[in-house]
Structures are given as structure tokens and as C-alpha cells.
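Read off the chains here:
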Amino acid sequence: MKTITMKKPVGMLIDGEYIQTKKTIPVINPSNEEVIAEVPNASRDDLNRAVAAAKAAYPAWSKCPVEERAQLLVKLADLIDENKEELTELLMNENGKPLQMSRTEIEGASQWYREIASQRLESETLEDTEEHKVVLQYVPLGVVGAIVPWNFPMNLAAWKIAPALLTGNTLVVKPSPNTPLSTLRMAELAKDLFPKGVLNIISGGDDLGPWMTAHEGINKVSFTGSTQTGKKVLESASGNLKRTTLELGGNDAAIVLPDADPKEVAEGLFWAAFSNTGQVCVDAKRLYIHEGIYDEVLKEMVTYAKSVQVGDPSDPQTGLGPLQNKMQYDKVKDLIQETKDSGAHIAYEGEIPSGKGYYIPVMIVDNPSEDSRLVQEEPFGPIVPLLKYNDIDEAVKRANDTVYGLAGSVWGKDLELAYDVASRLETGTVWINEAQVMQPDFPFGGHKESGIGVEHGRAGLAAFTNSRTVMMKKK
Ligand code: NAD
């Protein structure tokens with residue numbers, strides 16, 4: 001892959017200024033392990049300045065009519081569209097996701113800003129009689145700290161920036177140190193768009209997140225990342241009782257019902273499980289397949305897997321790229337070794353390019369033990385267990401037997417049965433005969449240890465506000 005190198009220094013956005021720092025952090029292209037850029041390493045002072053700027057900008061921004069705030073979000077979408085190819089290239093280089101998927105993410109981010117801009121969270125009149133009136137208002141929270149992971153840097157930032165700004169909050173956004181480039185370029189593009197201090201985007205090392213979650217000037221943390229980190233965020237945010245929305249890890253089950261057609265579902269199941277090389281929070285991580293069709297589904301999935309090219313993200317034929325970073329690569333390698341050592345039957349192990357890059361072959365594991373680490377944990381890589389069941393109640397029980405509750409899917413022809421099974425899954429989202437469909441008006445959030453609160457839709461907007469109930473005795 002021809003690697004980009006940044007032509008000019010990358011900065012971060014504080015109080016309307018795009019600034020560099022002396023200390024920097026290298027950004028690595030996971031497909032060839034080359035350093036492609038150095039980005040600012042924000043100090044605690046930088047964070048303090050960003051929070052102070054957001055706080056100073058808050059009174060005017062929160063009073064600014066929602067139509068004006070919405071218009072600026074639409075303009076941000078326009079800027080993303082106008083610079084789509086450059087942002088796509090940056091994202092592909094920093095993240096390793098294939099070209100078309102990178103482009104889809106940039107388009108998705110723009111769509112999110114545009115569509116959230118059209119949403120409204122109006123006051124509601126709860127009672128209105130001759131004597132008494134009750135109105136429920138939604139008021140912004142103040143300064144929001146948004147913390148984003150590396151798997152979908154631009155989309156997941158949009159999921160926070162758009163609703164937070166629309167509802168009248170100001171922001172300090174922190175991308176992952178692994179994938180800050182596209183977000184920092186967006187910050188540069190948006191430098192003069194919003195009033196100074198409304199949108200601050202800063203990059204930094206491992207200290208920056210904890211500094212943000214403990215910061216007394218931040219009123220809400222909107223966090224997407226692992227469950228392990230989410231628990232630390234919740235603890236740290238308790239200092240000033242910050243509102244928190246936590247979108248965390250998952251161990252999603254897919255249940256394939258006895259009447260599913262193996263040939264028809266194989267491709268859908270493959271992408272439900274391996275999309276973004278297994279690095280999607282809602283990738284199916286355990287596939288429960290009825291014993292009557294198990295062998296056929298396994299065979300069809302292996303046939304389909306053979307048709308998917310793993311390699312150079314810039315090659316338009318590539319379906320799956322490398323893992324995003326060395327830590328994740330080592331973690332998944334370790335899990336693969338443990339799975340092989342356990343004697344589990346590997347039904348398929350694909351091929352990867354030779355040379356550098358955090359590539360791991362696609363692996364389909366044939367009915368490993370239910371208590372293996374592969375089944376119990378979130379691998380976040382291209383290794384997926386297929387598991388045999390003989391009774392639907394048992395499949396539902398096994399699917400729910402986890403601390404996670406992010407999403408799940410059900411596959412089969414009898415839609416009534418599929419709906420019934422879907423309604424018994426202890427997860428925030430369930431798809432039937434499809435996977436990973438997300439829209440700005442469909443609430444998304446995890447049950448159990450997969451999160452607290454939801455993003456998107458009316459409930460997602462409300463999560464960036466406090467409610468105020470105003471009661472008026474008229475006479
Ligand atoms: P992570 O938890 O390691 O990091 C997420 C972000 O938090 C990064 O920006 C990181 O720098 C920051 N961070 C790290 N430690 C922190 C701390 N102590 N306090 C505050 N911030 C801290 O997660 P990751 O490895 O970047 O992402 C993968 C995980 O994210 C997976 O578990 C995946 O399932 C989850 N995820 C969830 C969703 C969702 O919507 N539920 C979406 C995408 C990813």
C-alpha cells in the first residue's frame with residue numbers, strides 16, 4: 001500500500017485555534033506499520049484551556065436558536081462531503097479499513113450530522129387546564145467530554161458531536177490516540193465554522209481520557225469503548241456527578257433457526273461476524289446454529305470466506321484489512337493460540353499477505369466448548385465460533401448467558417418465530433435476517449455491562465439534557 005505522509009503538521013482545535021504541541025504522538029498505518037504522522041499530545045494545561053473555552057462559549061451557544069445550531073451542523077456535513085476523498089484516505093491509512101468501507105464511514109458521518117440537524121427535542125406540555133399548566137423542558141448540560149475509540153473514529157465522533165451541539169452543549173472531543181488523524185483534519189476544516197470554543201477537538205496519550213473524566217469543568221461524559229474502560233470512566237465521573245452515556249463492548253450472539261436456508265444466510269452471517277475484520281462492537285461473536293442445518297451452514301460459510309480477500313486496504317478488491325493496532329493484534333494472536341492449543345477444530349483458516357502489517361487470517365472455529373475464552377469473551381478480531389444447538393430455548397439461554405447485552409441477531413424464514421426469539425434476547429438491539437443497521441432515529445445502547453443509556457433518536461438527544469418541569473398555578 002502506498003502510504004500517505006502528512007504534508008503539513010497536524011494540529012488540534014482549542015478555542016477556535018488549530019495548534020500544535022512540542023510533544024507529539026506517532027500515528028501508525030496498521031497495514032505496513034509505518035509512522036504516517038505525528039499528532040499533538042495534549043497536556044493537562046491544554047485540556048484546561050479547551051474546557052475553559054467550551055465553558056466560556058456555552059452561554060451564547062445554549063441560547064442560540066436551535067435552527068442556527070442545526071444549520072452549522074449541516075455546514076459541517078457539507079465540509080465533510082467536499083473533502084470526502086481526503087478524509088477517506090486519512091481514515092484508511094490510520095485505521096486500516098478497506099477503501100470502500102472507509103468511504104462509507106465518511107459518508108455515514110456526514111449523513112449523521114445532516115440528519116441529527118433535522119431532529120428536535122421540543123418542550124412538552126404535560127397538563128394545561130384553566131387552573132394549572134405543566135411544561136417539560138429540556139435544557140443543555142454545559143460542557144460535554146466526548147471520548148471515542150479507534151474502530152469507527154469519524155462515525156462515533158459524529159454520534160456524539162451532532163446531538164451534543166444540537167441540544168446546546170459545547171464540547172471537548174478526544175479521538176483515540178490510535179486513530180486521531182481524520183478527526184483532527186475535520187477539526188481543521190471546521191475551525192472557523194462554529195463560534196470559538198463551541199467545538200474543541202484534542203488528541204493525547206493515555207492520561208488524557210482519565211483527566212477528562214475527572215475534570216470538574218466537564219458536565220457530561222459521552223464515552224464509547226471497552227467495558228473495562230467504561231467502568232473506570234463511571235467511577236471517575238462520579239466526582240462531580242457527571243452525566244454519563246457509556247457505549248461499551250459486546251459478545252453478540254446470532255441464532256440461526258432450523259428453517260434458515262444455509263446458502264441464503266451464509267453471506268449475511270459472514271459479514272455479520274467478520275465486518276471490519278471482527279472489530280465492530282456489534283459484530284456477531286457467537287453463532288448458534290441448529291444442529292439440523294449446522295454442517296451445511298458451516299460449509300457455506302467456509303465457501304463464502306474463501307471468496308473474501310484479506311489484504312491491502314487500498315486495493316478495491318480487498319474485503320478485510322488488518323487489525324487496527326499492535327495491542328489488539330497481540331491480544332487476538334494470543335486467543336488464537338489458546339484456541340488451537342485447546343484442540344478445537346479450526347474449520348477454516350484463511351490467508352494473509354506476507355510482510356509487515358497487523359494481518360490475521362479469517363478463522364472459523366467448529367463447535368468449540370461453550371466455556372472457552374473464544375465463546376465467553378469479546379475477541380475483537382477475525383475469529384468466530386460456530387456453535388451447535390438442538391433446542392431454541394437452549395439457544396436463547398446460551399445467548400443470554402453473558403455479562404454483555406449489546407446486540408444480537410436471529411436468522412430464519414418463520415418471521416413470527418424469529419420475532420419471538422428476538423424479543424427474548426437481553427440486548428439493546430436485535431436484528432432479524434440482517435445485521436448492523438443503524439440510523440440516527442433508531443435508539444442504540446447496551447443492556448447489562450454493554451453500557452448505560454442510549455444514543456440516537458429522541459432518547460439520544462434527551463441524554464444531552466437535563467429535564468426541567470415547570471408548573472404554573474394560573475389562578
Ligand atoms: P478503549 O476502552 O481502550 O478506549 C476507548 C477510548 O477511551 C479511547 O479514546 C481511549 O484513549 C480512551 N481511554 C482509555 N482509557 C481511559 C480511561 N481510563 N479513562 C478515559 N478514557 C480512556 O476501547 P478501544 O480499544 O479503543 O475500542 C474497542 C472497544 O470499544 C471494544 O470493546 C468495542 O466493543 C467497544 N465499542 C463499543 C461501541 C458501542 O457503541 N457500544 C462502539 C465501538 C466500539
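Residues numbered from 1 in each chain as written. Predicted model: local features only at pLDDT ≥ 70, side-chain atom pairs only at ≥ 80, totals over all residues. Heavy atoms only, no water.

A. Examining the side chain of Asn-155 more closely. Considering the arrangement of structural elements, one finds Asn-155 in helix 5 (residues 153-166). Filtering out sequence-adjacent residues up to four positions away, Asn-155 remains in contact with Glu-105, Gly-108 and Ala-109. (Helix = DSSP H or I, 4+ residues; strand = E, 2+ residues; numbered from the N terminus. Contact = heavy atoms within 4.5 Å.)

B. Just helix 8 (residues 227-237), in detail. Every buried residue of helix 8 is accounted for by Thr-227, Gly-230, Val-233 and Ala-237. Buried residues of helix 8, seen end-on, are gathered within an arc of 105 degrees and therefore sit on one face of the element. Residues of helix 8 that are exposed and point more than 90 degrees away from the buried face comprise Gln-228, Lys-232 and Glu-235. Next to the buried residues of helix 8 lie helix 7 (208-214), strand 10 (220-224), strand 11 (243-247) and strand 19 (404-405). (Buried < 20%, exposed > 50% of the residue type's maximum accessible area, 1.4 Å probe, protein only. Arc of directions from axis to C-beta.)

C. Structural detail: the pattern of salt bridges. Following the criterion strictly, the structure yields 28 salt bridges and no others. In this structure, Glu-86 engages Arg-185 in a salt bridge whose closest nitrogen and oxygen atoms are separated by 2.7 Å. Here Arg-185 lies in helix 6 (residues 181-189) and Glu-86 lies in helix 3 (residues 84-95), a separation of 99 residues in the sequence. By relative accessible area, which is 32% here, Glu-86 ends up partly exposed. The class for Arg-185 is buried, based on a relative accessible area of 14%. Ionic pairing is found between Asp-334 and Arg-373, a salt bridge with its closest N-O pair at 3.1 Å. Of the two residues, Asp-334 is situated in helix 11 (residues 326-341) and Arg-373 in helix 12 (residues 373-376); the sequence distance between them amounts to 39 residues. Of the residues examined, Asp-334 reaches a relative accessible area of 46% and is grouped as partly exposed. (Salt bridge = Lys/Arg side-chain N within 4 Å of Asp/Glu carboxyl O.)

D. How the structure looks around the domain arrangement of the protein chain. Looking at the assigned domains, one finds that the protein chain contains domain 1 (12-248 + 450-471) and domain 2 (252-440). Relative placement of domain 1 and domain 2: their C-alpha centres are 30 Å apart. With 29 residues of domain 1 in contact, the opposing surface of domain 2 contributes 28 residues. For the pair domain 1 and domain 2, the summed buried area comes to about 2300 Å², and 59% of that belongs to carbon and sulfur atoms. Looking at the side of domain 1 facing domain 2, the largest losses of area belong to Glu-33, Trp-150 and Ser-450, adding up to 25% of the total buried there. (Domains from an automatic or database assignment. Buried area = accessible area lost by both parts, 1.4 Å probe.)

E. Quick look at the environment of Ala-254. One can find Ala-254 in strand 12 (residues 252-256). Take Ala-254: its relative accessible area is 0%, and that puts it in the buried class. Counting along the chain gives 188 residues from Ala-254 to Phe-442, while the straight-line C-alpha distance between them is 20 Å. Apart from residues lying up to four places away in sequence, Ala-254 is in contact with Leu-269, Ala-284, Arg-286, Leu-287, Tyr-288, Ser-409 and Trp-411.

F. Broad picture of the pairing of strand 3 (residues 24-29). Alternating positions in strand 3 separate cleanly, Ile-25, Val-27 and Asn-29 being buried on one face and Thr-24, Pro-26 and Ile-28 remaining unburied on the opposite face. Two successive antiparallel strands, strand 3 and strand 4 (residues 34-40), enclose a turn made up of four residues, where Glu-33 displays a positive phi of approximately 65 degrees. (Pairing = 2+ DSSP bridges.)

G. Focus on the sheet that holds strand 21 (residues 429-432). Pairing in this open sheet of seven strands is mixed, and the strands run 16-17-18-13-12-20-21 from one edge to the other. A strand with exactly one partner marks an edge of an open sheet, and here the two such strands are strand 16 (345-349) and strand 21. Put simply, the sheet's adjacent strands are angled 20 degrees from each other on average, direction ignored. Bridge analysis of strand 12 against strand 20 (residues 407-411) gives four bridges, and the strand direction is parallel. Paired with Ile-255 across the two strands is Val-410, which belongs to strand 20. The strands that helix 10 (residues 294-306) touches are strand 13 (284-290), strand 16, strand 17 (363-366) and strand 18 (383-389); relative to strand 17, the one it contacts most, it runs at about 165 degrees. This element, helix 14 (residues 415-422), spans strand 12, strand 20 and strand 21 of the sheet and lies at about 165 degrees to strand 21. (Axes fitted to C-alpha atoms, helices over the stretch in contact; angles between N-to-C directions.)

H. Region of interest: the nonpolar core. If you look at the biggest cluster of nonpolar residues, it comprises 82 residues, and the most contacted ones within it are Tyr-113, Ile-161, Leu-171, Val-172, Phe-194 and Ile-202. Top contributing element to this core by residue count: helix 5, with 10 residues. Summarising the domain contributions, this core has at least three residues from each of domain 1 (12-248 + 450-471) and domain 2 (252-440). With residues near it in sequence (within four places) discarded, Val-172 still touches Leu-47, Ala-50, Val-51, Ala-54, Val-143, Val-144, Gly-145, Ala-146, Asn-200, Ile-202 and Met-212. Listed in part, the 31 residues of the second largest apolar core include Leu-269, Ile-289, Ile-293 and Tyr-294. (Core = buried A, V, L, I, M, F, W, Y, C linked by side-chain atoms within 4.5 Å.)

I. Structural view of the packing of aromatic side chains. Enumeration according to the criterion identifies nine aromatic pairs in this entry. Aromatic pair Trp-271 and Tyr-304: ring centres 6.4 Å apart, planes at 80 degrees, arrangement edge-to-face. Of this pair, Trp-271 sits in helix 9 (residues 262-274) while Tyr-304 sits in helix 10, and the two are 33 residues apart along the sequence. A residue is classified by how much of its surface remains accessible, and Trp-271, at 27% relative accessible area, is partly exposed. One Lys or Arg, Lys-97, reaches over the ring of Phe-152 and ends 3.6 Å from the middle of that ring. It is Lys-220 that lies over the ring of Phe-464; its NZ or CZ is 4.6 Å from the centre. (Phe/Tyr/Trp six-rings, centres within 6.5 Å; stacked < 30°, edge-to-face > 60°. Lys NZ or Arg CZ within 6 Å of the ring centre and 35° of its normal.)

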